Structures are given as C-alpha cells and as structure tokens.
Amino acid sequence: KYNARIILLGGPADGNAVDIVEDRLGSDAALKFSDLSLLEMAALLKRCHLFIGNDTAPGHIAAGVQCPTLTLFGPNLPLLWRPISPYGDVLFKDLPCCRCRHEVELCIRPENNCMDMITVDEVWEKAEDLLAKVYYSPEMRNKAPFRAPE
C-alpha cells in the first residue's frame, strides 16, 4: 500500500536481533545497521518518513530530527519517557503492574509481558493514523517539515 522500504536499526550488541527481525519480515530490509554512530543514525532518520520502535534512544533521535515516531512502550511510562514531537504517538498497555522495568523478580506476567501484548494490528493501525495525520491532513500538510511519501 505504501511501497515502504524498511530500515532496521540496532546498537552494537544487537546485530543478531536485527538479523532475526529481518528473517521474520519475510523479505529483506532495504538497509540494516547495528553499528551507526549517533550522528549517522540522526542523518539516516532525518530522511525517513516514519520511525517505529521501542522506547530507546533511536526514537528520541528520530523525534529530534522531526521524523514522525510511533514508540512502543513496555513497562515504562510514556508520560515521562516518550519522545517529544508534534509528529509522534505511542502504544502502551497501561497495566496495574507497570513500572516493573521487565525485571524478572518484579514482573508478575513474564509469559505475557506488557510489550508482548501490543499486537501487529495495533501498530499498523496507529502507523496508518500517524501517516494520515502528518502527511495527508489539511491542517498538518503545510506545517510538516517534510513531504509526503510517494
């Protein structure tokens, strides 16, 4: 539908995880990195139309270069830790046990933790809503610092 090209990012210790995610995609990623400097990551994210990821530094970097962001939160509170951006949204399961930080001795549902409860369909729906808001809504079209995907 969007003719999207997927870029996978990870930190220096995430090379294997990046490969596993690519395997599960069912097709090759356009690019994949686990060795970018923060400046290189910022330059790459500045050219992207959408960042989807968990609540880590790349989401904040994406927001900092005005890339629309969809940040997936596990036990951390988005109110405190979300990337600050007018072009961002979050997915978060506000469970009573939040704030455990996935520490084994604190998590009361390790077999079905809060991050695992976020579904692909929920991510897809939020991503489509965010793309529509940022790129195609009349009120944002002239405010956004980027052009719509082709």
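Structural notes, computed from the coordinates. (Residues numbered from 1 in each chain as written. Predicted model: local features only at pLDDT ≥ 70, side-chain atom pairs only at ≥ 80, totals over all residues. Heavy atoms only, no water.)

Description of the sheet that holds strand β4 (residues 69–73)
Okay, step 1: Strand order in the open sheet formed by three strands is β3-β4-β5, with parallel pairing between adjacent strands. A strand with exactly one partner marks an edge of an open sheet, and here the two such strands are β3 (51–54) and β5 (88–92). Strand-to-strand twist across the sheet, computed as the mean angle between neighbouring axes with direction ignored, equals 20 degrees.
Okay, step 2: Across four bridges, the pairing between β3 and β4 is parallel. Across the sheet, Gly53 pairs through a bridge with Thr71, a residue of β4. (Pairing = 2+ DSSP bridges. Helix = DSSP H or I, 4+ residues; strand = E, 2+ residues; numbered from the N terminus. Axes fitted to C-alpha atoms, helices over the stretch in contact; angles between N-to-C directions.)

As for the side chain of Ser85
Okay, step 1: Among the secondary structure elements, Ser85 is positioned in the loop between α4 (78–81) and β5.
Okay, step 2: For Ser85, a relative accessible area of 16% translates into the label buried.
Okay, step 3: At 2.9 Å, the side chain of Ser85 forms a polar contact with the backbone nitrogen of Tyr87. (Buried < 20%, exposed > 50% of the residue type's maximum accessible area, 1.4 Å probe, protein only. Polar contact = N/O pair within 3.5 Å; in protein donor to acceptor, adjacent residues only side chain to side chain.)

Here we look at a nonpolar patch on the surface
Okay, step 1: Taken together, the side chains of Ile6, Val21 and Leu25 define a hydrophobic patch exposed on the protein surface, amounting to about 220 Å² of accessible area.
Okay, step 2: Topologically, Leu25 is positioned in helix α1 (residues 15–25).
Okay, step 3: For Leu25, a relative accessible area of 35% translates into the label partly exposed. (Patch = residues over 30% accessible without salt bridge, like charges linked within 9 Å, V, L, I, M, F, W, Y side chains within 5 Å. Areas by Shrake-Rupley, 256 points an atom, 1.4 Å probe, with all protein chains shown as cover. Salt bridge = Lys/Arg side-chain N within 4 Å of Asp/Glu carboxyl O.)

A closer look at the nonpolar core
Okay, step 1: In terms of nonpolar packing, the biggest core is built from eleven residues, these being Leu70, Leu72, Tyr87, Leu91, Ile118, Val123, Ala127, Leu130, Leu131, Val134 and Tyr135.
Okay, step 2: Those elements that provide at least two residues to this core are β4 and α5 (120–136).
Okay, step 3: Sorting elements by how many residues they give to this core places α5 first, with six residues.
Okay, step 4: The residues contacting Ala127, other than those within four sequence positions of it, are Leu50, Ile52 and Leu70. (Core = buried A, V, L, I, M, F, W, Y, C linked by side-chain atoms within 4.5 Å. Contact = heavy atoms within 4.5 Å.)

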